[in-house]
Amino acid sequence: MKEKLKKIAKNRIFTLIGILIFIGICLGIGSMIAFIQHESDPTDVAATYFRAFVGNDYNKMYECLYKEEGYYLDKNLYMDTMKKLRSQYVIDTYEIKEPENKNGQKTVTVVCRDENSGKTKNFDVLIASKRKGFSISPEYYVDISNLTVKRFSVTIPKGNQLQLNDVTITEKMADIKNDGNNVMYNITGMISGKYKICGTNDTYSMVSSINLTESNTSIDLTKEKHIANAKYSKLINESGRKILDEFYKAVRKRKSDNEKLIRLFSDKKAAKAVKKLVEESEKIVYWKDTKNIDKYKVIDMSMKNLKSGITYDDKKKIYTLTYDYSYDYVSATDTALYNSYVYKLSGKCTSKMTIKYEAQKDKVIVRDIQIKNKNKKND
């Protein structure tokens, strides 16, 4: 009898244990399903992205993007696009809808409401997912493929780096292949918009620009003329501007050996050339054969339509800075004591100044300077 009771007790204990284990398994499976469903919900990333949009936090929006290898997503261009889009929305209240598939794309729609007009406007957040390693649930990102173009390629000479809008393109952003003396960058996708395309090295650059709106676009920079790279462009432009300013100060003051001007020319031949050019330009604003011309002074000189450009001769290793401009001038005498009369002369001169530079490590040296003038005197 005791043995039977023991068997019954054991069976009941085992049954109870079995029931508890079963309940535990069910709870575990339920919790796991709930966890996976929660982790698999793209609404969180869509809500984060949209709230950043409402708050003009475009850096946060960019962090939410799906940045696939082989794609170049220009941050500044993306932020400018979002700023323009934000200006099209009045958002007093909004409702984030449940995720759904639209045209085969998982999408979270946010209904934005303008309380003043009562009108609503949808903001669709396209979702991309990526599963990492052995993770049960994927990670979600915002997909902006609707703002991109596919398959963009650029060819540059070997020994150069490709820059798009001043950002250096790496192997992570593009498929880079050698092609004889050239290198081809193949980028899978880019945000549509305006780009400055630059192939650059330690000495010079090749630059083009494009408003990228179509897929399968190719650019060949090997056919572009050589210009100064960013480093030497800065040095040459700084030097050129100082020369331009000091040159016309010397012209106005009739001082061809102006110390501040001559100091900018370490090359003796170039220094001699600039003195001669100052003397020639003095004859423009102080007309030859004018009576008592020594008593005239330039009382007004205004430069207009200044344009500049820098080219590079790879064979001669010389940079050429060109200034095209015009200036109006007025020269006059002091008031004459005997008749209170002021004598004036005026005109307009169109000029082209060319300055040649040689690079020496972290500085540039002026090797030559020339000016072509076309003076038109006023009657």
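Thoughts on the sheet that holds strand E12 (residues 193–200)
Move 1: Here five strands make up an open sheet; going across it, the order is E9-E8-E12-E13-E15 and the pairing antiparallel. Strands at the two margins of the open sheet, each flanked by one partner only, are strand E9 (167–168) and strand E15 (227–228).
Move 2: Note that strand E13 (residues 204–212) and E15 share two bridges and pair antiparallel. Paired with Ser205 across the strands is Ile227, a residue of E15.

Thoughts on the confidence of the model for the protein chain
Move 1: When the pLDDT values of the protein chain are averaged, the result is 89; 86% of them are 70 or greater.
Move 2: This stretch, residues 26–39, has a pLDDT under 50; its non-local contacts, to residues over four places away or in other chains, come to five contacts.

Brief notes about the packing of helix H2 (residues 43–54) against helix H4 (residues 75–86)
Move 1: Put simply, H2 and H4 touch, their axes get as near as 10 Å, and they point 70° apart. Taken together, H2 and H4 sit at an angle that is classed as roughly perpendicular. Across from Tyr49, Phe53 and Val54 in H2, the residues of H4 making contact are Tyr78, Met82, Leu85 and Arg86.
Move 2: By residue class, the composition of the contact of H2 with H4 is six nonpolar, no polar and one charged.

As for the sheet that holds strand E17 (residues 318–332)
Think of a sheet as strands paired side by side through backbone hydrogen bonds, with each pair either parallel or antiparallel.
Move 1: With antiparallel pairing, four strands are arranged side by side in an open sheet as E16-E17-E18-E19. Among the strands making up the open sheet, the edge pair consists of strand E16 (297–313) and strand E19 (363–377). Between one strand and the next, the sheet's axes are offset by a mean angle of 15°, whatever the strand orientation.
Move 2: Pairing of E17 with strand E18 (residues 344–360), which is carried by 14 bridges, proceeds in the antiparallel orientation. Looking across to E18, one finds that Thr320 is bridged to Lys356.
Move 3: With respect to the sheet, helix H7 (residues 268–285) is in contact with E16, E17, E18 and E19, its orientation differing from that of E19 by roughly 15°.

Notes on the nonpolar core
Move 1: Counting 91 residues, the largest nonpolar core has Tyr49, Tyr78, Leu164, Tyr195, Ile197, Phe247 and Met353 as the members making the most contacts within it.
Move 2: Apart from the residues lying within four places of it in its own chain, the contact partners of Met353 are Ile243, Leu244, Phe247, Tyr248, Leu321, Thr322, Tyr323, Tyr325, Ile369, Gln370 and Ile371.

Comments concerning H2
Move 1: Across its 12 residues, H2 extends 16 Å between first and last C-alpha, which sits within 8% of the 16 Å expected from 1.5 Å per residue.
Move 2: Every buried residue of H2 is accounted for by Thr43, Val45, Ala46, Ala47, Tyr49, Phe50, Ala52 and Phe53.
Move 3: Tucked into the core, H2 has its buried residues touching helix H3 (58–63), H4, strand E2 (93–96), strand E4 (105–113), strand E5 (120–130) and strand E6 (139–142).
Move 4: Positive phi shows up at Asn56, right after H2, with a value of about 60°.

Observations regarding the packing of aromatic side chains
Move 1: Tallied over the full model, the rule gives 16 aromatic pairs.
Move 2: Between Tyr89 and Phe123, the aromatic rings sit 5.8 Å apart at their centres with planes inclined by 75°, giving edge-to-face as the arrangement. Note that Tyr89 is positioned in the loop between H4 and E2 and Phe123 in strand E5, a separation of 34 residues in sequence.
Move 3: For Tyr89, a relative accessible area of 11% translates into the label buried.
Move 4: For the pair Phe247 and Tyr248, a centre-to-centre distance of 5.0 Å together with 75° between the ring planes defines the contact as edge-to-face. By the burial criterion, Phe247 is buried, and Tyr248 matches it.

Things to note about the pattern of salt bridges
Move 1: For the structure on display, the rule yields 14 salt bridges.
Move 2: One salt bridge in this structure joins Lys60 and Glu63, with 3.7 Å as the shortest N-O distance. You can see Lys60 and its partner Glu63 sitting in helix H3, three residues apart, about one turn around the helix.
Move 3: When its relative accessible area of 35% is taken as the criterion, Lys60 is described as partly exposed.
Move 4: Note that Glu95 and Lys97 form a salt bridge whose closest N and O atoms lie 3.3 Å from each other.
Move 5: Under the relative-accessibility criterion, Glu95 is labelled partly exposed at 42%.
Move 6: Through salt bridges with shared partners, a single network forms among Asp267, Glu358 and Arg367.

Let's talk about the environment of Gly193
Move 1: Within the element layout of this structure, Gly193 appears in strand E12.
Move 2: Residue Gly193 is classed as buried on the basis of its relative accessible area, which comes to 13%.
Move 3: Sequence-wise, Gly193 and Asp74 are 119 residues apart; in three dimensions their C-alpha atoms are separated by 9.6 Å.
Move 4: Excluding its chain neighbours within four sequence positions, the residues that come into contact with Gly193 are Leu77, Ile210, Asn211 and Leu212.

Section: a positive patch on the surface
Move 1: Taken together, the side chains of Arg252, Lys253, Lys255 and Lys260 make up a positively charged region of the molecular surface.
Move 2: Following the sequence through the fold, Arg252 ends up in helix H5 (residues 230–252).

Remarks on the pairing of E5
Move 1: Bridging between E4 and E5 involves seven bridges; their strand directions are antiparallel. When the bridges of E5 are listed, Thr107 appears paired with Leu126.
Move 2: With antiparallel pairing between neighbouring strands as the criterion, E4 and E5 make up a hairpin whose turn holds six residues, including Gly118 at a positive phi of roughly 80°.
Move 3: In terms of strand pairing, E5 meets E6 through four bridges, oriented antiparallel. Bridge pairing links Ala128 to Tyr141 in E6.

Quick notes on the rules
Residues numbered from 1 in each chain as written. Predicted model: local features only at pLDDT ≥ 70, side-chain atom pairs only at ≥ 80, totals over all residues. Heavy atoms only, no water. Pairing = 2+ DSSP bridges. Helix = DSSP H or I, 4+ residues; strand = E, 2+ residues; numbered from the N terminus. pLDDT = per-residue confidence, 0-100. Contact = heavy atoms within 4.5 Å. Axes fitted to C-alpha atoms, helices over the stretch in contact; angles between N-to-C directions. Parallel < 35°, antiparallel > 145°, perpendicular 65-115°, else oblique. Nonpolar A, V, L, I, M, F, W, Y, C, P; charged D, E, K, R; others polar. Core = buried A, V, L, I, M, F, W, Y, C linked by side-chain atoms within 4.5 Å. Buried < 20%, exposed > 50% of the residue type's maximum accessible area, 1.4 Å probe, protein only. Expected span 1.5 Å × (residues − 1). Phe/Tyr/Trp six-rings, centres within 6.5 Å; stacked < 30°, edge-to-face > 60°. Salt bridge = Lys/Arg side-chain N within 4 Å of Asp/Glu carboxyl O. Patch = residues over 30% accessible without salt bridge, like charges linked within 9 Å, V, L, I, M, F, W, Y side chains within 5 Å. Areas by Shrake-Rupley, 256 points an atom, 1.4 Å probe, with all protein chains shown as cover. Lys, Arg positive; Asp, Glu negative; His and termini not counted. Charge placed at Lys NZ, Arg CZ, Asp CG, Glu CD.

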